[in-house]
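Descriptive structure summary
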Amino acid sequence: MSELTTTAPLTARGGPRPGARRRRIAALSAAAAKDAVRNRFALFFNFAFPLVVLLAFEFIYSGQHLPNGQPYSDYVAPGILAYGMANGAIFGVGYTLVQWRASRLLLLLKLTPTSRLEVLLSRYLVALAVSLAQTVVSVAVVSLPPFGFHLSVRWWAAVPVVAAGTAAFFALGCLVSSVAKTPDVVGGIANAALVPMAFFSGVFFPLPAVVGWIHGVSTVLPLRYLSEGLSATLAGTGSWHSVLVCTAVLTGFAVVLLGLAAKALRWR
Amino acid sequence: MTGPAPVPGRRPVLTRRTVVGARSFDGDRWTRLLGETGQDTVVRLNDAQFALLARSDGRRDVEEIAHAATRAGTPVTTGQAERFFDSLAARGRVRWLTPVEDAPRRATRPLRGEPASAVRGWVRVVLATGTGSLVATALGVVVLSWTGVRDAAAGRPTDWVATVLAALLLLPRGLLHELAHAAAASAVGAQVRGIRAHWDGRTFALECRTSSLDLLPRRWRRVVVALAGPAADLVLTAVVGFVWHAGWHGDLVAQSFLLGTVATAGNLLVLPGLDGHRAVLAALGLSARPRWTRPVRRPATRAALLGLAVAGCAAALLLLRETAVALPGGVPALAVGLAGLLLTAAGHSGRTTRPVPAVGTRPAPRGGRTVTTVEHNWAPGHAARGEVAVAPPSGRPLAIEVRDVVKQYPAVRALDGVSFDVGQGEFFGLLGPNGAGKTTLVETLTGLATATSGTVRVLGYDPARREGQFLRSIGMQTQTPAFFAKLTVGEHLSTMAALQEADPALAREAAERVTLTAAWDRRVDQLSGGQRQRVAIAAAVLHHPRVLFLDEPTAALDPDARRRLLDLLATLRGDGTTVVYTTHHLSEAEELCDRVAIVDEGRIVAVDRPSDLIAREGGATEVFVPVMKASLTRAHELVPGADAELVGERVRLRPTHLGEALTAIEAAVGLGGVETRSPRLEDVYLRLTGKVMDDE
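The rules we used
- Residues numbered from 1 in each chain as written.
- Chains lettered and ligands numbered in written order.
- Predicted model: local features only at pLDDT ≥ 70, side-chain atom pairs only at ≥ 80, totals over all residues.
- Helix = DSSP H or I, 4+ residues; strand = E, 2+ residues; numbered from the N terminus.
- Contact = placed C-beta atoms within 7 Å.
- Buried ≥ 20, exposed ≤ 12 C-beta atoms within 10 Å, placed from the backbone.
- Expected span 1.5 Å × (residues − 1).
- Axes fitted to C-alpha atoms, helices over the stretch in contact; angles between N-to-C directions.
- Parallel < 35°, antiparallel > 145°, perpendicular 65-115°, else oblique.
- Left-handed = near helix turned anticlockwise from the far one by under 90°.
- Nonpolar A, V, L, I, M, F, W, Y, C, P; charged D, E, K, R; others polar.
- Pairing = 2+ DSSP bridges.
- Core = buried A, V, L, I, M, F, W, Y, C linked by C-beta atoms within 7 Å.
- UniProt positions renumbered as here; feature names shortened; annotations may be inferred.
- pLDDT = per-residue confidence, 0-100.

**Re the overall build of chain A**
- A count of helical and extended segments in chain A gives 10 helices and 0 strands.
- Long-range pairs, those at least 24 residues apart, make up 80% of the contacts in chain A with a sequence separation of at least 6.

**Focus: the overall build of chain B**
- The helix and strand tally for chain B stands at 23 helices and 19 strands.
- Looking at chain B residue by residue over its 696 residues, the buried ones come to 48%.
- Taking as baseline every contact in chain B between residues at least 6 positions apart, the subset at least 24 positions apart corresponds to 69%.

**Describing helix 17 (residues 529-541) of chain B**
All names here are of chain B.
- With 13 residues, helix 17 extends 19 Å from end C-alpha to end C-alpha; this agrees with the ideal 18 Å at 1.5 Å per step.
- The buried fraction of helix 17 is high, at 10 of 13 residues.
- Taken together, the buried positions of helix 17 are R532, Q533, R534, V535, A536, I537, A538, A539, A540 and V541.
- Where helix 17 is buried, its residues contact strand 11 (474-477), helix 15 (489-499), helix 16 (505-513), strand 12 (547-551) and helix 18 (559-574).

**Quick word on unusual backbone geometry**
All names here are of chain B.
- The phi dihedral of L459 is positive, around 55°, even though this residue is not glycine.
- Mapped onto the elements, L459 comes out in the loop between strand 10 (453-458) and helix 14 (468-473).
- Even without a glycine there, the phi angle at R466 is positive, about 50°.
- Its place among the elements puts R466 in the loop between strand 10 and helix 14.

**Considerations on the packing of helix 15 of chain B against helix 17 of chain B**
Residue and element names in this part refer to chain B.
- Contact geometry for helix 15 and helix 17: axes closest at 9 Å, N-to-C directions at 25°. In terms of orientation, helix 15 and helix 17 fall into the roughly parallel class. Crossing hand, helix 15 versus helix 17: right-handed. Across from V489, H492, L493 and M496 in helix 15, the residues of helix 17 making contact are V535, A538 and A539.
- In the contact of helix 15 with helix 17, the residues fall into 6 nonpolar, 1 polar and no charged.

**Comments concerning the sheet that holds strand 18 (residues 650-654) of chain B**
Residues and elements named next belong to chain B.
- Spatially, 4 strands are ordered 17-18-16-19 in an open sheet, and the strand pairing comes out antiparallel. On the outer flanks of this sheet lie strand 17 (643-647) and strand 19 (675-677), each paired with one strand and no other. Pairs of neighbouring strands in the sheet enclose a mean axial angle of 25°, with direction left out of account.
- Inspection of the sheet shows strand 16 (residues 622-626) paired to strand 18 by 4 bridges, in the antiparallel sense. Opposite V625, over in strand 18, you have V651 as the bridge partner.

**Observations concerning the packing of helix 3 (residues 72-102) of chain A against helix 5 (residues 116-142) of chain A**
All names here are of chain A.
- Taken N-terminus to C-terminus, the directions of helix 3 and helix 5 make an angle of 155°; their axes are 10 Å apart at the nearest point. By the angle class used here, helix 3 and helix 5 are roughly antiparallel. Taken as a pair, helix 3 and helix 5 cross one another with a handedness that is right-handed. Between helix 3, through S73, A77, L81, G84, M85, G88, A89, G92, V93 and T96, and helix 5, the contact on the second element is made entirely by R123, A127, V130, S131, Q134, T135, S138 and V142.
- Along the lines of polarity and charge, the residues of the contact of helix 3 with helix 5 split into 8 nonpolar, 9 polar and 1 charged.

**Things to note about the sheet that holds strand 7 (residues 398-408) of chain B**
Residues and elements named next belong to chain B.
- Spatially, 8-7-10 is the arrangement adopted by the 3 strands of the open sheet, whose pairing is antiparallel. Both edges of this open sheet fall to strand 8 (413-423) and strand 10, since each of them pairs with a single strand only. Neighbour-to-neighbour, the strand axes of this sheet turn through a mean angle of 15°, independent of strand direction.

**Looking at the nonpolar core**
- Counting residues in each nonpolar core, the largest one holds 156 residues, and the members touching the most others are A168, A171 and A254 of chain A together with V458, L493, A538 and L542 of chain B.
- The biggest single contributor to this core is helix 3 of chain A, with 17 residues.
- When residues no more than four places from it in sequence are discounted, the contact partners of A171 of chain A are A254, L257, L258 and A261 of chain A.

**Points about the UniProt feature "transmembrane region" (unreviewed entry) in chain A**
Residues and elements named next belong to chain A.
- Taken from the UniProt record, the annotation "transmembrane region" (unreviewed entry) applies to residues 41-60, 80-100, 121-143, 155-180, 192-214 and 240-262.
- Here residues 41-60 runs as 100% helix and 0% strand, with 27 Å between its end C-alpha atoms.
- Spanning residues 240-262, this segment combines 100% helix with 0% strand, and its end C-alpha atoms are found 32 Å apart.

**Looking at the pairing of strand 12 of chain B**
Residues and elements named next belong to chain B.
- Taken across its 5 residues, strand 12 has 5 buried, putting it largely inside the fold.
- Side-chain alternation along strand 12 places V547, F549 and D551 on one buried face and L548 and L550 on a second face that is also buried.
- Where strand 11 meets strand 12, 4 bridges bridge the pair, whose relative direction is parallel. The partner of G475 across the bridge, within strand 12, is L548.
- Alignment of strand 12 against strand 13 (residues 578-583), held across 5 bridges, turns out to be parallel. What sits directly across from L548, in strand 13, is V579.

**Here we look at the environment of L132 of chain A**
Residues and elements named next belong to chain A.
- Within the secondary structure layout, L132 lies in helix 5.
- You can call L132 partly exposed: it has 16 C-beta atoms within 10 Å.
- L132 sits 30 residues away from V162 along the chain, and the two C-alpha atoms are 7.1 Å apart.

**With respect to the environment of E118 of chain A**
Residues and elements named next belong to chain A.
- Examined against the element boundaries, E118 turns out to sit in helix 5.
- By the C-beta count within 10 Å, which is 22 here, E118 ends up buried.
- Once the C-alpha coordinates of E118 and S29 are considered, the two residues, 89 residues apart in sequence, prove to be 9.4 Å apart.
- Non-local contacts of E118, meaning those with residues more than four positions away in its chain, are made with R21, R24, I25 and L28.

**Focus on the confidence of the model for chain B**
Residue and element names in this part refer to chain B.
- Predicted confidence across chain B gives a mean pLDDT of 67, with 55% of residues reaching 70 or more.
- Summarising per-element confidence for chain B, the mean pLDDT is lowest in strand 6 (residues 372-376) (25) and highest in helix 15 (93).
- Note that residues 89-125 has pLDDT below 50 and, in this model, 79 contacts with residues that lie over four places away or in other chains.
- Predicted confidence for residues 143-158 stays below pLDDT 50, and this span has 27 contacts to residues more than four positions away or in other chains.

**Some details on helix 1 (residues 20-37) of chain A**
- Its 18 residues give helix 1 of chain A an end-to-end C-alpha distance of 25 Å, which sits within 8% of 26 Å, the value for a rise of 1.5 Å per residue.
- Where helix 1 of chain A is concerned, the buried positions are R21, R24, I25, A27, L28, A31, A32, D35 and A36 of chain A.

**What about the environment of F427 of chain B?**
All names here are of chain B.
- Along the polypeptide, F427 turns up in strand 9 (residues 427-431).
- In this structure, the C-alpha to C-alpha distance between F427 and G576, residues 149 residues apart in sequence, is 9.3 Å.
- The contact partners of F427, leaving out residues within four places of it in the chain, are R573, V579, Y581, L592, C593 and D594.

Here is the structure:
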């Protein structure tokens, strides 16, 4: 019997390495990003589909103006971009999480020190990168001479709007993923939620032009704030106050929905 | 050295000179220490140290441990506790006691010194602040509707946006508040251990932790530290008030002012968790958590307090509405401020309700240096339930300890009172048909499932807690391999290395171990079944886990791939890894495993070395004689006393003495066509369960 021979380390490698959490998030983000880039289906829905819809609207309403004198193309571009962004965020994260769960990848992650928050955060970073890329591509295309979108000087303020809006719809996607059992169901639920939301949020036509109750409904829909926020920053319609309110409301949606999603996220 | 023997399932009472069994101090650091070293250990402690060590069970905070010891009758100051733990940690002997690391179920993290943890703290702070503000706002709306004070809220939606923003501004204000506490503590000579975001799943708070505050010789110093935060709040609120008074009547400024005033004033209330309470206690020279506040800290009291808080909030609004509605956004600000304040107070009051383990030490004579000896003799595992021997070969320290584990699903009881031990470095087989409960058992051991009742310890950890150190110490290959399907083998293994906090170079090393380097750049979804299985095993072993769980790794493999995998597994036996190997291929278990447990219908029906099981339970070697050479009657005559039975074209004999039987048969009819068959593991299985393994 020796005295106090308790020198054996706790584990083979001791405590957590410094920066391990950051590396985990980076690794998971990279894996999710590669997954997204190598998935043609996701690429089409994230980039090609919104662009096709946008171009269709631009062609149809080319040269027309709203009653307030604003070119219709300036009005509709941010709205459709918002719709594409919402679609990409909900579908992207919902599909990934359901697929990861169905293939038991989430269980594999549960066997590592990875937390739910890290899983969600890494996936959010990918969604944010996709949203920013969507914005750049869409704005670049509609700014070409045939369409003549007028980019506002305060375009840079779109970044926080995009970040908050992506977070809100990302959180919605997380919630969808916790009720959907298979990846196919995600698309159904996402569309069932998003298409009516697009009509009620003034994505395709100006809210002042619609009946009062739709206006009322739109105040509780995040897509309205994303659309208005993008419009205020990219097309320069609306005030700074409206940018601030849109960002704050979208952040509020994101925080509440993310809180619910983090609780609802199931490993299996 | 004698003392009461540990009673499984009950927390033992420790006295001086007590033999501490493996499961004393149920479940935490002691078990881990003893389980880790597996060596005889003597720790010499005085009574105060002993009390501290006993109270460190499941705790991480020096202050809490000291208070727990004091409450249990051994007065110990936080300073003494800290010096004790520091001295142990400095000698490198008890890293497991370093109180800040590796906290079970607690999420407090310092904001400085550990950048990654700080980020985690901040994320939680931001999330919790935002959610808390919105919830408080919603609560305010409900209260306003209820009290009929609608005019201020309705029609002025921007007030509410401003309220939310003002509530969010409480975050930097709270940080300044804690910095003021820290600066004051530092100035009066206390040790500041950091500012932390505290989050216990229900409430959150920023906290400035000091470690030797109650050692300060003058009470006023403690009062100063307690009041420094509110003083900073006052200054800040005064500045905002001045800006508002100066003419900028913006909603945000007005609401920040109101919210700040309510929060500052409220924080001076004498309620546990608030600064007013701390200041009064310090001024009276009382402990930070005096006994009389214990009732306030009970969950039921907390609930009642919260109810009172909501009622109080409503009453305050009714009283103040005449004044408040005159201010822009006054009512929402008051609602949010009061609700937030009372929620904080209620949250704080519930923080210290952890049960205190019973320890039979008595207060030491003042100044006495009584030596307490705690001795641990590593004995093979505890007595098993029932007749099944569950202990590993004697002398081997335990890696896994399972006691009376039950897992009940709604329709089925998957595990029904399972008990066994696995020694460190053992290759342990779990055998049984599909549906026997093997996978559930492995999932319980790895923390993927939680036992309905019973105790599970792996390397001393409770797997259900998913502690980081535990997860880094185990590896698992699941029955259905899971992958980042669109990634290459290299990318997948590198990702897993990062998730396991392992050196990136280990990914390639793992691929080499499973001979997959040629497939390094191939996508996982393009690999064959055998290659995928090897990728899964590489991912499980790449961080060199101390315990490796393999759940039917050879299922669905062709014979060649299976053989190569078995060769790989054989190499794991040599490197000291504890392996728990689930299979329904009995020949594999016989070949690889040091010991096997046979699982049937959620129970363990036998645990032993394969050879011992076969010798004990397998029955006699069988002799088959062609019926053309000897009929059943003739066979009976040749080998009297042996069981004889006609099986097809042969007579099967089970002689008591094989040699004598063969000699008799050879003399009578010759040995041509005669075959013998030694008992194997499947015979044991058949005998114990009455079932035939269908795949062998």
